[in-house]
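Structure at a glance
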Amino acid sequence: VELTEDLLKILKIYPECLTANHMMAMCYLSEGKNDKALELANVIIKNYPEVATGYVLKGDALKRLARYDEAIHNYNNALDGCRENKKEIYKSIGYAYAAKKDSRNAYLFLKKGINIFSPETTYQELWDLSTMALLSGKTDESYTLLQFASLIIPADDVEFSRKVKERLEHFPELK
């Protein structure tokens, strides 16, 4: 609450502030206030069109509002302005396509965004990538990704282990 109040004070004095708009938009997204986050994302884009931040925030807000095509468009704009690691943007595009039920494009973008060999990759991400591979007809890749996921599921996540094991059993020809 204190942070939010301080950010709002900053924005009253300096409404174009990139950092304050970014942080406040993130707060709004975490609170489910997607329309307010969208407004701040537009402020960032207007004042800093060369920076990826505003487009990513706008894409995130639009995706939460189920406006997937607009979200994808903004994520693509973010790619143009992104100087650092683009993997998170690729993942965001992939998840937007998945929400649209476009598994082929979801798989293509998630594959660009998820490093299957990185220790930071989660078993949930591997599951998601495997699911999109399966829905795209890439059975061998789906099976391999599920095997990778099964190796990193924490012992206490019994439900997820069961879910992966059940799906693996549907690939008898690949065992």
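Counting of residues starts from 1 at the beginning of each chain's written sequence and follows it residue by residue. Totals for whole chains, interfaces and linings use every residue, but because this is a predicted model, local features are given only for residues with pLDDT of at least 70 and side-chain atom pairs only at 80 or more, for both listing and counting. The basis for the side-chain values is all heavy atoms of the structure; hydrogens and waters are excluded.

All right, on to the packing of aromatic side chains then. Pairing of aromatic rings covers Phe, Tyr and the six-membered ring of Trp, with a centre-to-centre limit of 6.5 Å; geometry is then stacked below 30 degrees between planes, edge-to-face above 60, and tilted otherwise. Going through the model one piece at a time under the given rule, you end up with 6 aromatic pairs. Here the aromatic rings of Tyr 123 and Phe 160 are separated by 4.8 Å at their centres, their planes lie at 70°, and the arrangement is edge-to-face. Taken as a pair, Tyr 123 in helix H8 (residues 123-135) and Phe 160 in helix H10 (residues 158-168) lie far apart in primary sequence, 37 residues in all. Per residue, the accessibility class of Tyr 123 equals that of Phe 160, and both read buried. The rings of Tyr 90, Tyr 97 and Phe 109 are connected pair by pair, giving a single aromatic cluster. Secondary structure counts use DSSP, requiring at least four H or I residues in a row for a helix and at least two E residues in a row for a strand, with both numbered from the N terminus. Three labels apply to residues, based on accessible area from a 1.4 Å probe with only protein chains included: buried if under 20% of the type maximum, exposed if over 50%, partly exposed otherwise in between.

Attention shifts here to H10. Residues of H10 that are buried include every one of Phe 160, Val 164, Arg 167 and Leu 168, and no others. Along the long axis of H10, the arc covered by the buried residues comes to 105°, so they all point the same way. Across H10 from its buried face, at more than 90 degrees, point the exposed residues Val 158 and Lys 165. Note on contacts: a residue pair qualifies if any of its non-hydrogen atoms lie within 4.5 Å across the two residues. The elements touched by buried residues of H10 are H8 and helix H9 (139-152). The arc in question is the one traced by the directions running from the helix axis out to the C-beta atoms.

A word on the environment of Ser 118. Assignment of secondary structure puts Ser 118 in the loop between helix H7 (103-113) and H8. Ser 118 sits 26 residues away from Thr 144 along the chain, and the two C-alpha atoms are 15 Å apart. Definition of a polar contact: a pair of N or O atoms within 3.5 Å, with one able to donate and the other able to accept a hydrogen when the atoms are protein atoms, and with sequence-neighbouring residues admitted only if both atoms are side-chain atoms. At 3.1 Å, the side chain of Ser 118 forms a polar contact with the backbone nitrogen of Glu 120.

Note on definitions: angles span 0 to 180 degrees between N-to-C directions of axes, and those axes are lines fitted to C-alpha atoms, for helices only across the stretch in contact. Two numbers describe how H9 lies on H10: the axes approach to 10 Å, and their chain directions differ by 150°. In this view, H9 runs roughly antiparallel relative to H10, as classed from their interaxial angle. Relative to H10, H9 is oriented so that their crossing is left-handed. Residue-level inspection shows Tyr 143, Leu 146, Gln 147 and Ser 150 of H9 in contact with H10, the latter providing Val 164, Arg 167 and Leu 168. Ten residue types, Ala, Val, Leu, Ile, Met, Phe, Trp, Tyr, Cys and Pro, are classed as nonpolar, four, Asp, Glu, Lys and Arg, as charged, and the remainder, Gly among them, as polar. A class-by-class count of the residues in the contact of H9 with H10 yields 4 nonpolar, 2 polar and 1 charged. The cut-offs work like this: below 35 degrees is roughly parallel, past 145 is roughly antiparallel, 65 to 115 is roughly perpendicular, and the gaps in between are oblique. For a crossing to be left-handed, the near helix must be turned anticlockwise from the far one by less than a right angle; the clockwise case is right-handed.

Moving on to the pattern of salt bridges. Here, a salt bridge means any Lys or Arg side-chain nitrogen found within 4 Å of an Asp or Glu carboxyl oxygen. Considering all chains together, one arrives at 8 salt bridges under this definition. With its nearest N and O atoms 2.8 Å apart, the salt bridge here joins Arg 67 to Glu 70. With its nearest N and O atoms 2.5 Å apart, the salt bridge here joins Lys 91 to Glu 125. Here Glu 125 lies in helix H8 and Lys 91 lies in helix H6 (residues 87-99), a separation of 34 residues in the sequence. By relative accessible area, Lys 91 is classed as buried at 10%. The exposure class assigned to Glu 125 is buried, which follows from its relative accessible area of 13%.

Read these as layout, nothing more, since geometry by itself doesn't imply function.
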